[in-house]
Amino acid sequence: MTVPNPFLDEDQRPALYGDARRLTQRTTALGAAKVSGAPVAEVIAGFFDDTPDHVLDVGCGRGGVTAHLVKAWLPSQLTALDTSPALLDDAATRLAERAPELSPRVRFVAADFHDIPLSDDSVDVIVAAFCLYHSTDPGEVLAECRRCLRRNGRVILVTKSADSYAALDALVADAGLDPGAVRRPSLYESFHSGNAEAVTASALRVDEVTHHHHRFRFSDPTHTARYLITNPKYDLPEQPPHVIAEQLNSVLTGNGVSAESTVTYVVASKT
């Protein structure tokens, strides 16, 4: 039986994003493991050097990119859109803590990115970072972005390579935690580094494609387990992190593990 891709399975969304705890733990563990690769929010900000009137941050999640862009670009308005009210609440709280003076510029909207509740030709810049692979038809999302975008407006998309973190797939299988991990489709199968340009070109003019290599080093079995238990790709046993770490240690023998990912940026425009 084929196991549904959790990033494309609507039934799994509540478990993944019903509150911010799982995503927070995942990004914290991954951030602690990162040893190289330019900060994504800084790279995004560098693709636009003007002061836009209206920015749309699609799939804003916990609002890390949102907070950086509102400070870097100082738009009159930034609409932060996500399907999860819980993540939007977390994003609003984090923005209020990091940049309270800029909070009035940001409007948080709970909506599906296939049906963006904004007027035609109303946005100067649209950012969609690490979210289009949650759609079975990312081209449909990009058509919605085109509708909302003003003429000559810019879209900045960010995704990962389909083989991201493949070393962790092998580790999980070798440790006997999930033997099928290496055969399971990539979480990023619908929009990844290999197809992002072609999918984008179906709706917009592609102006630039850039690939950045990112490296990670999980320091020990415990650090690795803290990340793995938050990754929905794996069918892990219902065990606390220290038990998962013990099983990983059968392969790692007290050591850590390295992993890699390519982060791809596609800059496109509406002509």
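Structure: see above.
Treat the numbers as computed from the prediction; the structure is a model and nothing was measured.

Turning to helix α6 (residues 138-148), its buried residues are Pro138, Gly139, Val141, Leu142, Glu144, Cys145 and Cys148. Where α6 is buried, its residues contact β5 (123-129), β6 (149-160) and α8 (196-201).

Its volume calculated, the second largest pocket comes out at about 230 Å³. Along the lines of polarity and charge, the residues of the lining of the second largest pocket split into 8 nonpolar, 1 polar and 5 charged.

Packing of helix α2 (residues 21-33) against helix α9 (residues 221-228) leaves a shortest axis separation of 8 Å and a crossing angle of 140°. Taken as axis vectors, α2 and α9 run oblique relative to one another. As for the relative orientation of α2 and α9, their crossing is left-handed in sense. Side by side, α2 and α9 meet where Gln25, Arg26, Ala29, Leu30, Ala32 and Ala33 of the first sit next to His223, Arg226 and Tyr227 of the second. Looking at the contact of α2 with α9, its residues break down into 5 nonpolar, 2 polar and 2 charged.

Okay, unusual backbone geometry next. Even without being a glycine, Asn152 presents a positive backbone phi close to 70°. If you trace the backbone, Asn152 turns up in strand β6. In this structure Asn152 comes out as exposed when scored by relative accessible area, which is 59%. One non-glycine residue, Tyr165, lies in positive phi territory at about 60°.

By the definition in use, this model includes 10 salt bridges. For Asp120, the salt bridge is made with Arg147, and the minimal N-O distance between the two is 2.7 Å. Of this pair, Asp120 sits in the loop between β4 (106-110) and β5 while Arg147 sits in helix α6, placing them 27 residues apart in sequence. A salt bridge links Asp178 to Arg184; its shortest N-O distance comes to 2.6 Å.

Attention now goes to empty space enclosed by the protein. Overall, the coordinates contain 1 cavity of 30 Å³ or more when judged by the stated rule. In this model, the largest cavity occupies a volume close to 60 Å³. Lining the largest cavity, in full, are Arg26, Ala162, Ser164, Tyr165, Asp169, Ser186, Leu187, Tyr188, Asn231, Lys233 and Tyr234.

Definitions and limits used
- Residues numbered from 1 in each chain as written.
- Predicted model: local features only at pLDDT ≥ 70, side-chain atom pairs only at ≥ 80, totals over all residues.
- Heavy atoms only, no water.
- Buried < 20%, exposed > 50% of the residue type's maximum accessible area, 1.4 Å probe, protein only.
- Helix = DSSP H or I, 4+ residues; strand = E, 2+ residues; numbered from the N terminus.
- Contact = heavy atoms within 4.5 Å.
- 1 Å grid on protein atoms, 1.4 Å probe; cavity = no way out; pocket = protein on both sides within 12 Å on 5 of 7 lines; lining within 4 Å.
- Points joined across faces, edges and corners; volume = space filled by probe spheres on them.
- Nonpolar A, V, L, I, M, F, W, Y, C, P; charged D, E, K, R; others polar.
- Axes fitted to C-alpha atoms, helices over the stretch in contact; angles between N-to-C directions.
- Parallel < 35°, antiparallel > 145°, perpendicular 65-115°, else oblique.
- Left-handed = near helix turned anticlockwise from the far one by under 90°.
- Salt bridge = Lys/Arg side-chain N within 4 Å of Asp/Glu carboxyl O.

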